[in-house]
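Given next are the chains, with one letter for each unit.
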Amino acid sequence: MMKIIPAIDIIDGKCVRLSKGDYSTKKIYSEDPVKTAREFESYGIQFLHLVDLDGARSKHIVNQKVLENIARETSLHIDFGGGLKTGNDIETAFNSGAKQITLGSIAVQDREFCFEMIQKYGSEKIILGADCENRKIKTSGWEKESNLDIIDFLLDYQEKGVIQTICTDISKDGMLEGPSTDLYKEILTKTAIKLTASGGISCIEDVHRMKEIGCSGTIIGKAIYEGKITLQQLQDFIENA
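Reference entry: report on the structure contained in this document. Keep in mind the model is a prediction, meaning the values are calculated, not measured.

1. A closer look at the pattern of salt bridges
Then, number 1: For the structure on display, the rule yields 12 salt bridges.
Then, number 2: The closest approach of N and O atoms between Glu73 and Arg38, which form a salt bridge, is 3.5 Å. Highlighted residues: Glu73 in helix α3 (residues 64–73) and Arg38 in helix α1 (residues 33–42), separated in sequence by 35 residues.
Then, number 3: With relative accessibility at 37%, the residue Glu73 sits in the partly exposed group.
Then, number 4: The exposure class of Arg38 is partly exposed, given its relative accessible area of 39%.

Right, dumping it as structure tokens:
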């Protein structure tokens, strides 16, 4: 069954969305992320992708209180990312209620550290964040480009034991223009990593398409907040899976 994973992105403790990762496009959708998470749960959703955008820019965890509150007030399985640069940051995330954590920029900047974290916590708890634009991995809140091709990046980590990735095509993120289906098909063909698709989901048909091509999960953000996909549609999808 493909996981339905709503996204909550946090700036200043509030639930926001960006377009293409551009902080200047910030739009606040809720002052109360916990209330938003509870609403997701009330429609049968079991998973949550929680991103500390302040942490991504600050290079250390910032919004752990939001994580703590959501973990305390819901039973959602939370994967948390943004600003996880040190062992202490990662320990804080797990102690604050994260069931999994996503390593993004640090996976480019310090591979040995990431390998150590995979060994310490296990591959079930560590998700590889693969955020790319024109196939090139980007880091630091999507503000810096590397020369790493997405497939090469994933295969390298696959050899080190990574079994799951969240791949975001930055050019699609928050644009409501549909996901990068061809890229995801290529990843599923050329790697053995479980793929959670992120970015561009615009309608319930996109969700069905991600299931059809073999994604293990789909992250949905702006489409929910803008009413392009209703929580009732997602509940129906989950119940009929």
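Structure shown, so let's carry the discussion forward.
2. Comments concerning helix α11 (residues 231–240)
Then, number 1: Three or more residues of α11 are buried, namely Leu231, Leu234, Gln235, Phe237 and Ile238. Each buried residue of α11 lies within a common arc of 160° when the element is viewed along its axis, so the set occupies one face. With respect to the buried face of α11, the exposed residues turned more than 90 degrees away are Glu239 and Asn240.
Then, number 2: Taken together, the buried residues of α11 touch β1 (3–11), α1, α9 (204–213), β12 (217–220) and α10 (222–225).

3. A look at the environment of Leu53
Then, number 1: By the element assignment, Leu53 lies in helix α2 (residues 53–58).
Then, number 2: Leave out the neighbours within four places in its chain, and Leu53 touches Asp9, Ile10, Ile11, Val16, Leu18 and Tyr23.

4. Some remarks on the pairing of strand β6 (residues 100–103)
Then, number 1: Burial along β6 is two-sided: the face carrying Gln100 and Thr102 and the face carrying Ile101 and Leu103 are both buried.
Then, number 2: Here 3 bridges tie strand β5 (residues 77–81) to β6, and the two strands are oriented parallel to one another. In the sheet register, Asp79 faces β6, and the bridge partner there is Gln100.
Then, number 3: Crossover handedness for the path β5 to helix α4 (residues 87–95) to β6: right-handed.

5. Description of unusual backbone geometry
Then, number 1: Residue Asn134 is not a glycine yet carries a positive backbone phi of 55°.
Then, number 2: You can see Asn134 is positioned in the loop between β7 (126–133) and β8 (136–139).

6. Focus: the nonpolar core
Then, number 1: Ranked by size, the top nonpolar core spans 64 residues in total, and within it Ile8, Leu50 and Ile150 carry the most contacts.
Then, number 2: Ignoring any residue separated from it by four or fewer positions in sequence, one finds Leu50 in contact with Ile8, Ile10, Val66, Leu67, Ile70, Ile78, Asp79, Phe80 and Gly81.
Then, number 3: Counting residues in hydrophobic clusters, the runner-up holds 7 residues, among them Ile11, Val16, Val51 and Leu53.

7. What about the packing of α1 against α3?
Then, number 1: One way to put it is that α1 packs onto α3 with a least axis distance of 9 Å and a crossing angle of 35°. In this structure, α1 meets α3 at a crossing whose hand is right-handed. Along the contact surface, α1 presents Pro33, Val34, Ala37, Arg38 and Glu41, while α3 presents Val66, Asn69, Ile70 and Glu73.
Then, number 2: Residues belonging to the contact of α1 with α3 are distributed by class as follows: 5 nonpolar, 1 polar and 3 charged.

8. Side note on the pairing of β7
Then, number 1: The buried fraction of β7 amounts to 7 of the 8 residues, a majority that puts the element mostly inside the structure.
Then, number 2: Inspection of the sheet shows β7 paired to β8 by 2 bridges, in the antiparallel sense. Note that in β8 the partner of Glu133 across the bridge is Lys136.
Then, number 3: The antiparallel pairing of β7 with β8 creates a hairpin that spans 2 residues between the two strands, and Asn134 there sits at a positive phi of about 55°.

9. Looking at the packing of helix α8 (residues 181–190) against α9
Then, number 1: Where α8 contacts α9, the axes come no closer than 10 Å and their chain directions differ by 20°. Relative to α9, α8 is oriented roughly parallel. For α8 against α9, the interelement crossing comes out right-handed. Where α8 abuts α9, its residues Thr181, Tyr184, Lys185 and Leu188 lie against Arg209, Met210 and Ile213.
Then, number 2: Classifying every residue of the contact of α8 with α9 by side-chain character gives 4 nonpolar, 1 polar and 2 charged.

10. Some details on α4
Then, number 1: Residues of α4 that are buried: Asp89, Ile90, Ala93 and Phe94. Axial view of α4: buried residues confined to an arc of 135°, hence all on one face. Relative to its buried face, α4 has exposed residues pointing more than 90 degrees away, namely Asn88 and Asn95.
Then, number 2: Where α4 is buried, its residues contact α3, β5, β6 and α6 (111–121).
Then, number 3: Of the residues flanking the end of α4, it is Gly97, one or two places downstream, whose phi is positive at about 120°.

Rules behind the numbers
- Residues numbered from 1 in each chain as written.
- Predicted model: local features only at pLDDT ≥ 70, side-chain atom pairs only at ≥ 80, totals over all residues.
- Heavy atoms only, no water.
- Salt bridge = Lys/Arg side-chain N within 4 Å of Asp/Glu carboxyl O.
- Helix = DSSP H or I, 4+ residues; strand = E, 2+ residues; numbered from the N terminus.
- Buried < 20%, exposed > 50% of the residue type's maximum accessible area, 1.4 Å probe, protein only.
- Arc of directions from axis to C-beta.
- Contact = heavy atoms within 4.5 Å.
- Pairing = 2+ DSSP bridges.
- Right-handed = clockwise from strand over helix to strand, strands pointing away.
- Core = buried A, V, L, I, M, F, W, Y, C linked by side-chain atoms within 4.5 Å.
- Axes fitted to C-alpha atoms, helices over the stretch in contact; angles between N-to-C directions.
- Left-handed = near helix turned anticlockwise from the far one by under 90°.
- Nonpolar A, V, L, I, M, F, W, Y, C, P; charged D, E, K, R; others polar.
- Parallel < 35°, antiparallel > 145°, perpendicular 65-115°, else oblique.

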